[in-house]
Amino acid sequence: MGLARPLRVAVVVSGRGSNLRSLHEKASEGNYLIVGVVSNNPAAPALDYAASQGLPKGLIDHRAYATRALFEEALAQAIDRLNPDVIALAGFLRVLGADFVRHYQGRLLNIHPSLLPSFPGLDTHRRALEAGAREHGATVHLVTDALDGGPIIAQAGLHVAPTEDVATLAARVLALEHELYPYVLKRWAHGEVATH
Ligand code: GRF
């Protein structure tokens, strides 16, 4: 079935931006469109990538705001100016408050480098290895105010090899992320993701 129009996606970042890149590269298939990139970090390489691709970009530096509520209000304004259907957090390193999350209820996505509910939070690859996990991977989920705890939309997994170290595991999971996030947005664009 053809699409009436591509899904409008705003990508929200803090750092490297490899997920932004894979999302943007796969947007050329026409299912969704990156309408802009917003960062809280002025030094994020993701912003350089956005500039190099001519993607609209915005900077809302959390350090310029006296409270988290004021920062989140400015962040939401920057996002809303892009008029997105979906907001994709991609390596965004701030915890978001209840008001922000409610504002985007059902259309705020995150990608997390573990098979949730295992290993929410940071340093997931090292923790997975230390726990002796046999399987590991990545999750795309809806964001709620529970840290990495919103409804799961899709996961991609791998078997942890006996010889694996943090670096090899991180690289293999990242490669999965780069397939998973575009896949979810494509399915979403076709109305194939249940969000409630
Ligand atoms: C990814 O591993 C993502 O799952 C996590 O932060 C990392 C961001 O990487 N939330 P990048 O900035 O997309 O390269």
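Residues numbered from 1 in each chain as written. Predicted model: local features only at pLDDT ≥ 70, side-chain atom pairs only at ≥ 80, totals over all residues. Heavy atoms only, no water.

A. A look at the pairing of strand β6 (residues 135-142). Most of β6 sits inside the fold, with 7 of its 8 residues counted as buried. Relative to β6, strand β5 (residues 108-112) runs antiparallel, the two being bridged by 4 bridges. Across the sheet, residue H112 finds its bridge partner in β6, namely T139. Across 7 bridges, the pairing between β6 and strand β7 (residues 152-159) is antiparallel. When the sheet's bridge partners are listed, V140 is paired in β7 with A154. (Buried < 20%, exposed > 50% of the residue type's maximum accessible area, 1.4 Å probe, protein only. Helix = DSSP H or I, 4+ residues; strand = E, 2+ residues; numbered from the N terminus. Pairing = 2+ DSSP bridges.)

B. Spotlight on the nonpolar core. With 35 residues, the main nonpolar core has L7, V11, Y32, I34, L109, Y181 and L185 as its most contacted residues. Per-element tally for this core: the top contributor is helix α6 (residues 166-189), with 8 residues. Residues within four places of V11 in sequence aside, it is in contact with L20, L23, I34, G36, V37, V38, A88 and A90. The next biggest cluster of nonpolar side chains, apart from the first, holds 21 residues, and it includes A10, A76, A78 and I87. (Core = buried A, V, L, I, M, F, W, Y, C linked by side-chain atoms within 4.5 Å. Contact = heavy atoms within 4.5 Å.)

C. Fine view of helix α3 (residues 68-81). With 14 residues, α3 extends 20 Å from end C-alpha to end C-alpha; this agrees with the ideal 20 Å at 1.5 Å per step. Buried within α3 are the following residues: F71, E72, A74, L75, A76, A78 and I79. Lining the buried residues of α3 we find β1 (7-13), β2 (32-39), β4 (86-89) and α4 (98-103). Positioned one or two residues after α3, N83 has a phi angle of 55°, which is positive. (Expected span 1.5 Å × (residues − 1).)

D. How the structure looks around the site of the ligand. Every residue lining the ligand is accounted for by R16, G17, S18, N19, G91, I111, H112, P113 and E177. N19 places a polar main-chain atom, nitrogen or oxygen, 2.8 Å from an oxygen atom of the ligand. Between the ligand and E177, the relevant distance is 2.8 Å, taken from an oxygen atom to a side-chain nitrogen or oxygen of the residue. About the coverage of the ligand: the protein hides 85% of its 370 Å² of free accessible area. Taken atom by atom, the bulk of the ligand overlaps the largest pocket. Those elements that provide at least two residues to the shell around the ligand are α1 (18-27) and β5. Residues belonging to the shell around the ligand are distributed by class as follows: 2 nonpolar, 5 polar and 2 charged. (Near = heavy atom within 4 Å. Polar contact = N/O pair within 3.5 Å; in protein donor to acceptor, adjacent residues only side chain to side chain. Areas by Shrake-Rupley, 256 points an atom, 1.4 Å probe, with all protein chains shown as cover. 1 Å grid on protein atoms, 1.4 Å probe; cavity = no way out; pocket = protein on both sides within 12 Å on 5 of 7 lines; lining within 4 Å. Sits in = over half its atoms within 2 Å of the grid points. Nonpolar A, V, L, I, M, F, W, Y, C, P; charged D, E, K, R; others polar.)

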